[in-house]
Amino acid sequence: MNFSSRLFCAVLFAITVTPVHAADHVYGTVSPWGQMVDPDGDCSFTVNRDAITIGFSGTVQGLDAEQGRMNAPRILRSMEGDFAVEVTVDGNLPLPDDESARAYVSGGLVLLQDDRNYIRFERASFTRAGVVNHYANFEQRIDAKRTRMGLFKDFPLPNDQPVDLRLEVSAGTVRALVRLADQSWHEMGTAKLDDESTYSVGVSGVNTSGKPVNVSFRGIKHQQPLVAIEAKSRSNLDLSAPAKVVALPSITTSGFNKFMGEIMKLQQRSKDVDSMDAQARQQWIDDAKKVVKEGAGPAAMRFSPLLVSGLSRSFQEAGDHDLAISVFNQFIEVFNNMEDDDAARVAKQLKTTRDQLKAKLEMIGKPLEIEGETLSGGALDWQSYKGKVVLVDFWASWCGPCRREIPNVLEQYRNFHDQGFEVVGICLDTDRDKAEKYNADEKIPWPSLFAKDAGWKHPMATKYGVTAIPTAILVDRDGNVVSLSARGEKLGELLTDLIGPVDPVISAGESAALRQQWLDALQNFERILQDDANHISARHGATLSAYMLQDTDRYLTHAKAAYQLTKELRTENIGVSARLVGAASLMPGAFDDFDAAIELTPPSWKEGKQFRDSRNHLLVLKRAERFEELLATCDKLVGVADGPHDRSMLLHLKATSLYHLDRINEANTLLLQARKIFAESMPAIGAGRQIPGEHYDWFVIGVSARNDANQVALEKLDDALAANPDDMDLLATRAQLHFLWHRWEAATRDFQKLAQHKPLDLKTLEHAAVSAVLAGHVEEYRNLSNELEQLLDKVENSESAWRIARILVLVPNTIGNEDRLLTAVRENAKQRRFWWRHQALVSVLYRSGKYEEASALITPTLAVARARPQRDELVTRLWQSMIQCQLGDQAMAKKTLVMVTTYMDENPKTAGVHIQGSEVTELMVLRREAENLIGKGDDI
């Protein structure tokens, strides 16, 4: 016999039970279950927290008084008077694979007067001739004779789900109730025992498979005084027949078994629901309707509500809420057409379930308001949760599934609390002391509402139609419901979507270190801002860092300053202005002049197809609650967002707009798509990384606002790479950091090493090629340029052709296929009025010797450049000078070049020439080429 050593000493105490036979192997008692008895001495009991597993040996163990076989292991305690006992039995009971085998495995409740008079109520699995049935079995023995054999059709069960069983005893009448998790109770029927003062009550099971079997029980509850539970449906079985041998009913092997076989086939198709199109899903429903219409009468009536609920649940999980409701309507019509009393009852039950589901689904996307008194006696301040992601958890201390979910909620609370995740419990206990004790035992840190003597009638449970627990409602930062079943793995997935990923290699104990990293970054930014309040990078980084820390006060301080800064920058750098506005839109309160904020995002980006620039405009529209405009803009950008993170973000923003426009089902569909994209794109994170992957680049770029901070960041990366030399994510980050700070030689080394381990993507190829040419490695540059040009077949008509062109024109005689490149950049220039697109076309025309056509484009290109940083206009002017020279206008070429070089020498910072002391930039390379062609200042 195996026991958890942690609990063994604490749980053993004496409980009076019905005497056992001398030959029985009697073990200790475990609270609150009872005394463990194994008649044959060949089974085991494994005790864990709130759970017990009985290990059956390979011999036959049963509770069949009529066959003289009462050797099953059991755990019993004595109870008297009126009472109830309830337990959860786990699913997936094992059965033999041999199709010729006949076997029965069960686990459930047993209520004994003695070995000849008792009641069994259990979840059972039975196989014969390859046909498997799973059902709830309710049987009685009177004077060692069975009054009725349980039938498969009494209450069929899915094998993979736990089931709750409950026996209520009142004046000798025993009432049996069963339910699946999150569903309402079903009354199987009643039985009658002699009204004795004492019964032995507990759990047991049966195993005739000939193989070892484990059956697990959880959360046993003994209720006294009895509070009867209301059942939503009934089978009306009556086991209180006279004490005589009853003819055992024959088991139909044709109609019923065929029906159950078809049901199992339908259930197996649920795993493919995500990949089904609308036609395939409807075909699934039609097949189910056909099975029910042709099914075995009473079995179809009994099992159909479960079947329909299962289909509906599959569609809900796939995000198809319209079909989740439609499946109920279609089956209601089926049963209404049968013109039968039982069919009418099923149709009525389906209508009730459908209406409840409708009401719940309508909550999604709408605000949730919670109020009431907490267990500690104070009033809950729901407004204090504004801006947080909140799980509203309906629970009770006696609820087994609730107790099993608590460890998961605690884990997610530890993972996400520092990032803005909160939990509010709503306790449906009637006994305050038990609720408080459970909270104390589990060390639950969040508040729970409690209403004296209310139980299921708690005002919040009534308000939101809660009829089953646990019910876990998740609310986003805007206070709107995003999920009605935020449990298990789904809770973690939802929190990752709403808050951001948690690094899987970081333990809860290291979360403080992560927070410290962001705090250090914020402090670095704030030191810079003390010297220069208008430092753009520092203000942007401080706003984002404060947001990551969920420090609302500091975020609003920096967000308001960032927003004011955008008004000054509008004409100088539209791109930076838009990013500052986007950062200031992450939380409410930074600004309220939404019209002005929207105007601060460039019109060309509003209507365009480059998501990374447009997303700031979308964030402002969301903050301004202009959901129709947000939806229209999102539609223009669907399909062109760069990368999985941007696509996921776009879908979330579109879903938000749909929620507020009361298009709930569409919103949920998009959220499921977004979650799938996000989950599939999450990169493996190296053990040396100390910052969540999604935010690592922000941290590195952010702390790089000063040389000393930049050096610290590089040292961290060097240390991490020393410990994890094969972590290519870290190497790529260091290469980008070198590139950002114009350390061309170091960047080239890192990019070369990176290329040895994996193919470089477009962005990395761009940066590697620029680093190589500016470090003087022309041959390396030409090799990388060749790789870039090969990508043109994939991006010829996309957003990226101009980016490739920008690199290929840096050095003369690099372009391999000039016509193909020209075609691509011409198409790009038509799509968007962006400076780089026009400039790419000008430069490719120049490299192709088409000087007159290039000259004709200079004026419109300069018109676009004037709305951008001064550096961009200087680039166009340098190309203009070389074009003028090639067209024979030497004097004008010299005049243009002198204008550019004079400005660069007198205004190096504005021109973007000297960046942290580096004089080797793309602008300087172009200047040297122009000077070599036209002549330097002295020559001119």
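See the structure printed just above.
We now turn to the structure provided with this report. Here the structure is a predicted model, which is why all the values come from computation and not from measurement.

## Some words on the pattern of salt bridges
Line of reasoning, step 1. Inspection of the entire model under this criterion finds 31 salt bridges.
Line of reasoning, step 2. For the salt bridge of Glu-86 with Arg-166, the shortest nitrogen-to-oxygen distance reads 2.9 Å. Of this pair, Glu-86 sits in strand β6 (residues 83-89) while Arg-166 sits in strand β11 (residues 163-170), and the two are 80 residues apart along the sequence.
Line of reasoning, step 3. Arg-166 gets classed as buried once you look at its relative accessible area, which sits at 3%.
Line of reasoning, step 4. One salt bridge connects Arg-141 with Glu-139, and the closest N-O pair in it is separated by 3.1 Å. Here Arg-141 and Glu-139 have matching classes, each one buried.
Line of reasoning, step 5. Overlapping salt bridges bring together Glu-86, Arg-166, Glu-168, Arg-175, Glu-187, Lys-221 and Arg-234 as one network.

## Things to note about empty space enclosed by the protein
Line of reasoning, step 1. Throughout the structure, instances matching the rule amount to six cavities of 30 Å³ or more.
Line of reasoning, step 2. Its boundaries defined by the atoms lining it, the second largest cavity holds a volume of some 150 Å³.
Line of reasoning, step 3. As for the second largest cavity, its lining consists of 14 residues, of which Leu-810, Trp-836, Val-875, Trp-879 and Leu-926 are closest to the centre.
Line of reasoning, step 4. Of all the secondary-structure elements, those providing two or more residues to the lining of the second largest cavity are α30 (835-847), α33 (870-886) and α36 (922-934).
Line of reasoning, step 5. When residues in the lining of the second largest cavity are grouped by element, the largest group, five residues, is from α36.
Line of reasoning, step 6. Of the residues that constitute the lining of the second largest cavity, the class distribution is eight nonpolar, two polar and four charged.

## Observations regarding helix α25 (residues 762-774)
Line of reasoning, step 1. Helix length check: α25, at 13 residues, gives a terminal C-alpha distance of 18 Å against a target of 18 Å (1.5 Å per residue), a fit within 8%.
Line of reasoning, step 2. Contacts made by the buried residues of α25 are with α23 (728-740), α24 (744-757), α26 (778-790), α28 (801-808) and α36.
Line of reasoning, step 3. Looking one or two residues past α25, Gly-776 carries a phi angle of roughly 90 degrees, positive in sign.

## Let's talk about the sheet that holds β11
Two pairing modes exist for strands in a sheet, parallel and antiparallel, and in both the strands are linked by backbone hydrogen bonds.
Line of reasoning, step 1. Here we have eight strands laid out as an open sheet, ordered β3-β4-β15-β6-β11-β12-β13-β16, and mixed in their pairing. At either margin of the open sheet sits one strand with a lone partner, and together these are β3 (44-48) and β16 (233-238). Each strand of the sheet is rotated relative to its neighbour by a mean of 25 degrees, with strand direction disregarded.
Line of reasoning, step 2. Where β6 meets strand β15 (residues 213-223), five bridges bridge the pair, whose relative direction is antiparallel. From the neighbouring strand, Glu-86 faces β15, where its bridge partner is Lys-221.

Cut-offs and rules
- Residues numbered from 1 in each chain as written.
- Predicted model: local features only at pLDDT ≥ 70, side-chain atom pairs only at ≥ 80, totals over all residues.
- Heavy atoms only, no water.
- Salt bridge = Lys/Arg side-chain N within 4 Å of Asp/Glu carboxyl O.
- Helix = DSSP H or I, 4+ residues; strand = E, 2+ residues; numbered from the N terminus.
- Buried < 20%, exposed > 50% of the residue type's maximum accessible area, 1.4 Å probe, protein only.
- 1 Å grid on protein atoms, 1.4 Å probe; cavity = no way out; pocket = protein on both sides within 12 Å on 5 of 7 lines; lining within 4 Å.
- Points joined across faces, edges and corners; volume = space filled by probe spheres on them.
- Nonpolar A, V, L, I, M, F, W, Y, C, P; charged D, E, K, R; others polar.
- Expected span 1.5 Å × (residues − 1).
- Contact = heavy atoms within 4.5 Å.
- Pairing = 2+ DSSP bridges.
- Axes fitted to C-alpha atoms, helices over the stretch in contact; angles between N-to-C directions.

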